[in-house]
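# Structural features, examined
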Amino acid sequence: FATSKQPGWDKELLVYRSPEAVQPLEHPEWYMATDSAHYRFDSITTSLNGERVEVLKMDSSLRFSEGFRKAFEDLTDQDHAWLVIDALVFLPDTFTEEPPLLTMHFDHNGGAYKYRTYIPENWEEYRGKWMPYHYEYLTPEVRSSSDEAVVYFWYRSNQPVYIREL
């Protein structure tokens with residue numbers, strides 16, 4: 001029985017899917033960037049910090065935003081994809097509750113898997129201004145190529161916040 005040292009490149013043959021909530025994209029140069037969706041909210045027009053903007057207002061009357069939903073087969077013809085998700089949320093100066101959760105998962109016949117939520121760690125620094133959300137989501141090993149990636153905001157607080165884009 002003999003063993004040999006692995007050459008090192010073998011680690012790049014498989015995609016490492018971390019069990020952690022945050023897994024950054026380590027080699028963006030290995031991927032082709034495409035703009036799969038850009039969702040601009042325009043439910044109301046309001047003035048925030050002197051700027052007139054079209055936004056989605058979320059408060060106790062609206063818990064879930066509209067968002068992105070796309071079948072895996074429409075995202076890529078490969079075995080996986082990275083979704084780089086950016087959004088802008090405005091928190092009023094007097095905001096004291098939890099900001100909206102950026103929510104991502106895959107849907108298979110009405111059941112969610114690889115469910116993730118995200119709030120920027122430094123969100124308290126963004127009271128009275130636009131807060132950027134940035135999350136890199138590695139698609140799971142899908143159960144079916146028709147399974148859908150789903151991205152939206154879930155708001156569990158009551159004070160108004162404003163979402164500009166996703």
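Criteria and cut-off values
Residues numbered from 1 in each chain as written. Predicted model: local features only at pLDDT ≥ 70, side-chain atom pairs only at ≥ 80, totals over all residues. Heavy atoms only, no water. Phe/Tyr/Trp six-rings, centres within 6.5 Å; stacked < 30°, edge-to-face > 60°. Helix = DSSP H or I, 4+ residues; strand = E, 2+ residues; numbered from the N terminus. Buried < 20%, exposed > 50% of the residue type's maximum accessible area, 1.4 Å probe, protein only. Lys NZ or Arg CZ within 6 Å of the ring centre and 35° of its normal. Core = buried A, V, L, I, M, F, W, Y, C linked by side-chain atoms within 4.5 Å. Contact = heavy atoms within 4.5 Å. pLDDT = per-residue confidence, 0-100. Salt bridge = Lys/Arg side-chain N within 4 Å of Asp/Glu carboxyl O.

### What about the packing of aromatic side chains?
Tallied over the entire structure, the rule returns 10 aromatic pairs. Judged by centre distance (6.1 Å) and plane angle (80°), the rings of Tyr118 and Tyr133 are edge-to-face. With Tyr118 in strand S6 (residues 111–118) and Tyr133 in strand S7 (residues 129–138), this residue pair connects regions lying 15 residues apart in the sequence. Residue classification places Tyr133 among the buried residues on the basis of a relative accessible area of 1%. Through a chain of ring-to-ring contacts, three or more aromatic side chains come together here, namely Phe72, Phe106, Tyr113 and Tyr137. The side chain of Arg164 reaches across the aromatic face of Trp130, ending 5.1 Å from its centre.

### Description of the nonpolar core
One broad trend across soluble globular proteins is that nonpolar side chains are buried collectively. Of all hydrophobic cores here, the largest spans 31 residues; its most connected members are Ile85, Val89, Leu102, Tyr133, Phe153 and Leu166. Residue assignment for this core shows that the elements contributing at least two residues are strand S2 (51–58), helix H1 (72–75), strand S4 (82–91), strand S5 (101–108), S6, S7, strand S8 (148–154) and strand S9 (161–165). Those residues in contact with Phe153, other than ones at most four positions away along the chain, are Met58, Arg63, Phe64, Ser65, Ala87, Val89, Pro100, Leu101, Leu102, Tyr133, Ile163 and Leu166. Judged by nonpolar contacts, the second largest core, of six residues, contains Val55, Phe90, Trp130 and Tyr162.

### With respect to the confidence of the model for the protein chain
Within the protein chain, residue pLDDT values average 86, and 86% of them lie at 70 or more. Mean pLDDT values over the elements of the protein chain span from 77, in strand S1 (residues 44–48), up to 97, in S8.

### A few points about the pattern of salt bridges
Applying the stated rule across the entire model yields four salt bridges. A salt bridge links Arg164 to Glu51; the nearest nitrogen and oxygen atoms lie 2.9 Å apart. Taken together, the residues Arg164 in strand S9 and Glu51 in strand S2 connect sequence positions 113 residues apart. Assessed through its relative accessible area of 15%, Arg164 is described here as buried. Looking at Glu51, the relative accessible area reads 32%, which means it is partly exposed. For Glu98, the salt bridge is made with Arg156, and the minimal N-O distance between the two is 2.7 Å. Pair noted here: Glu98 is in the loop between S4 and S5 and Arg156 is in the loop between S8 and S9, with a separation of 58 residues, a long-range link. Given the relative accessible area of 30%, Glu98 is considered partly exposed. You can call Arg156 partly exposed: its relative accessible area is 43%.

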